[in-house]
Amino acid sequence: MPNSPDSPVTPDAPDAPGPRLTVAVLGPGGVGGLLAALLSRSGHRVICLAGEETAHTLRTTGIQVRSALFGDFTAPVDAGTALREPVDVCLVTVKATALDAALTRIPPAALGDALLVPFLNGVEHPALLRARYAPDRVAPSVIRVESTRTAPGVIEHTSPFAEIDLTGAKVPRPRLEALAEALTAAGPATRVLDDETAVLWAKMAFLAPFALLTTRYALPLGEARTRHREELASLVAETAAVSRACGAPADPAQALARYDAFPSAAKSSMQRDAEAGRPLELDAIGGALLRAADRHGVPVPVTARIVRELREAGR
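My aim in this report is to walk through the structure given alongside it, one point at a time. Computed from a predicted structure; not experimentally measured.

**Re the packing of aromatic side chains**
- Tallied over the full model, the rule gives 5 aromatic pairs.
- Their ring planes at 55° and their centres at 6.5 Å tell us that Phe 210 and Tyr 259 sit as a pair that is tilted. Highlighted residues: Phe 210 in helix H7 (residues 196–217) and Tyr 259 in helix H10 (residues 252–261), separated in sequence by 49 residues.
- The class for Tyr 259 is buried, based on a relative accessible area of 0%.
- Its guanidinium or amino end placed over the ring of Phe 73, Arg 41 lies 3.9 Å from that ring's centre, counting from NZ or CZ.
- Above the ring of Phe 206, the side-chain terminus of Arg 258 is found at 4.1 Å from the ring centroid.

Right under this line is the structure:
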């Protein structure tokens, strides 16, 4: 039976540990859909926020997940086009290119005292969110996962891992710990870290070279790291220098070793967006890196050239 936006959902799953949370998920795509389904299966109430057509599909069929790690299952969720009731947490899982439009679905008054947890690429979105919502409720976090929405309400989780780092310089620690407990029980290994800058730049330092190089040459990581090794090393070194200038540790040698250990067929999400003709998060990743480099006087010639080439190519 379809779930109405105002009716609670009681999934056929074990009881959630601790308090049963009400969680809004803004953007139930590859990442948001996976987290929504896992939290629902764990016993929490989940409200997905999306366009009317997607919301109708989710209310009718729930979210179907195919995952070697978490199994294949379908989880019921509520869904609507905007947040209209109190929630404990709102996960923001849209692309950076869609953030401004998506935020109209969560008016500040409706969000109230809830935690706002963005899982976005880049490092500039926390300031935007804190200007719009209560600064001590914004918890910028990162997720390491490969998960794709193949159709509305259909999620393919392809990575053998799903790991989350929760942070938030001004957020009360007990609230982060409670969310981490709920997420870990639902599936993704989750930890709470104190240094927000280090958390965000740790992902940026890995993602930026990967995304820029694979998208520029339209190659999977294995070919890109072999055929364009010198450029990869330069991108890694430049990104690490900017990261350190921003106050976050970075180890270029360790980053290169991680790229070498990744499956050769791996593609960045930016590259997949380019292949599908979708807008790229070039400004949120490459643009943000260049702006940080400029602020701190760090030379990044290879990064600047590749970003320029991608922009000139209409990316």
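Past the structure itself, the notes keep going.
**Brief notes about the packing of H7 against helix H9 (residues 229–245)**
- In the contact formed by H7 and H9, the axes pass within 9 Å of each other and the chain directions differ by 150°. Classified by the interaxial angle, the pair formed by H7 and H9 is roughly antiparallel. For the pair H7 and H9, the crossing hand works out as right-handed. Contact residues: Trp 201, Met 204, Ala 205, Ala 208, Pro 209, Leu 212, Leu 213 and Tyr 217 in H7; Glu 231, Leu 232, Leu 235, Val 236, Thr 239, Val 242 and Ser 243 in H9.

**Concerning helix H11 (residues 269–276)**
- Listing the buried residues of H11 in full gives Met 270, Gln 271, Asp 273 and Ala 274. For H11, the arc enclosing every buried residue in end-on projection is 160°, short of the 170-degree limit, so these residues lie on one face.
- Buried positions along H11 lie against H7 and helix H12 (282–296).
- Looking one or two places after H11, you find Gly 277, whose phi comes out positive at around 75°.

**Observations concerning the nonpolar core**
- One finds Trp 201, Met 204, Val 242 and Tyr 259 to be the most contacted residues of the largest nonpolar core, which totals 41 residues.
- Broken down by secondary-structure element, the contributors of at least two residues to this core are H7, helix H8 (221–227), H9, H10, H11, H12 and helix H13 (301–312).
- The residues touching Met 204, leaving out its near neighbours within four places in the chain, are Gly 122, Val 123, Pro 209, Thr 239, Ala 284, Ile 285, Ala 288 and Leu 289.

**Thoughts on the pairing of strand E2 (residues 45–49)**
- Within E2, 5 of the 5 residues are buried, which leaves it mostly tucked inside the rest of the structure.
- Both faces of E2 are covered, namely the face carrying Arg 45, Ile 47 and Leu 49 and the face carrying Val 46 and Cys 48.
- As judged from the 5 bridges shared by strand E1 (residues 22–26) and E2, these two strands associate in the parallel manner. For Thr 22, the partnering residue across the bridge sits in E2 and is Arg 45.

**Here's the deal with the pattern of salt bridges**
- Here the structure, examined in full by the defined rule, presents 25 salt bridges.
- Its salt-bridge partner being Arg 45, residue Asp 78 comes within 2.8 Å of it at the nearest N-O pair. One end of the pair, Asp 78, is in strand E5 (residues 78–80); the other, Arg 45, is in strand E2, with 33 residues separating them in the sequence.
- Taking the relative accessible area as the measure of exposure, Asp 78 reaches 0% and is therefore buried.
- By relative accessible area, Arg 45 is classed as buried at 8%.
- One connected set of salt bridges, linked through shared partners, spans Asp 113, Asp 136, Arg 137 and Arg 175.

**Here's the deal with the sheet that holds strand E9 (residues 147–151)**
- If you walk across this open sheet you meet the 4 strands as E4-E3-E10-E9, and the pairing is mixed. Of all the strands in the sheet, just strand E4 (73–75) and E9 have a single pairing partner and so form its edges. Each strand axis lies, on average, 25° off the axis of its neighbour in the sheet, ignoring direction.
- Of the pairings in the sheet, the one linking strand E3 (residues 63–67) to E4 comprises 3 bridges and is antiparallel in character. Bridge assignment links Ile 63 to a residue of E4, and that residue is Ala 75.
- Relative to E4, helix H1 (residues 30–41) is tilted by about 85°, and along the sheet it contacts E3, E4, E9 and strand E10 (154–157).

Conventions we followed
Residues numbered from 1 in each chain as written. Predicted model: local features only at pLDDT ≥ 70, side-chain atom pairs only at ≥ 80, totals over all residues. Heavy atoms only, no water. Phe/Tyr/Trp six-rings, centres within 6.5 Å; stacked < 30°, edge-to-face > 60°. Helix = DSSP H or I, 4+ residues; strand = E, 2+ residues; numbered from the N terminus. Buried < 20%, exposed > 50% of the residue type's maximum accessible area, 1.4 Å probe, protein only. Lys NZ or Arg CZ within 6 Å of the ring centre and 35° of its normal. Axes fitted to C-alpha atoms, helices over the stretch in contact; angles between N-to-C directions. Parallel < 35°, antiparallel > 145°, perpendicular 65-115°, else oblique. Left-handed = near helix turned anticlockwise from the far one by under 90°. Contact = heavy atoms within 4.5 Å. Arc of directions from axis to C-beta. Core = buried A, V, L, I, M, F, W, Y, C linked by side-chain atoms within 4.5 Å. Pairing = 2+ DSSP bridges. Salt bridge = Lys/Arg side-chain N within 4 Å of Asp/Glu carboxyl O.

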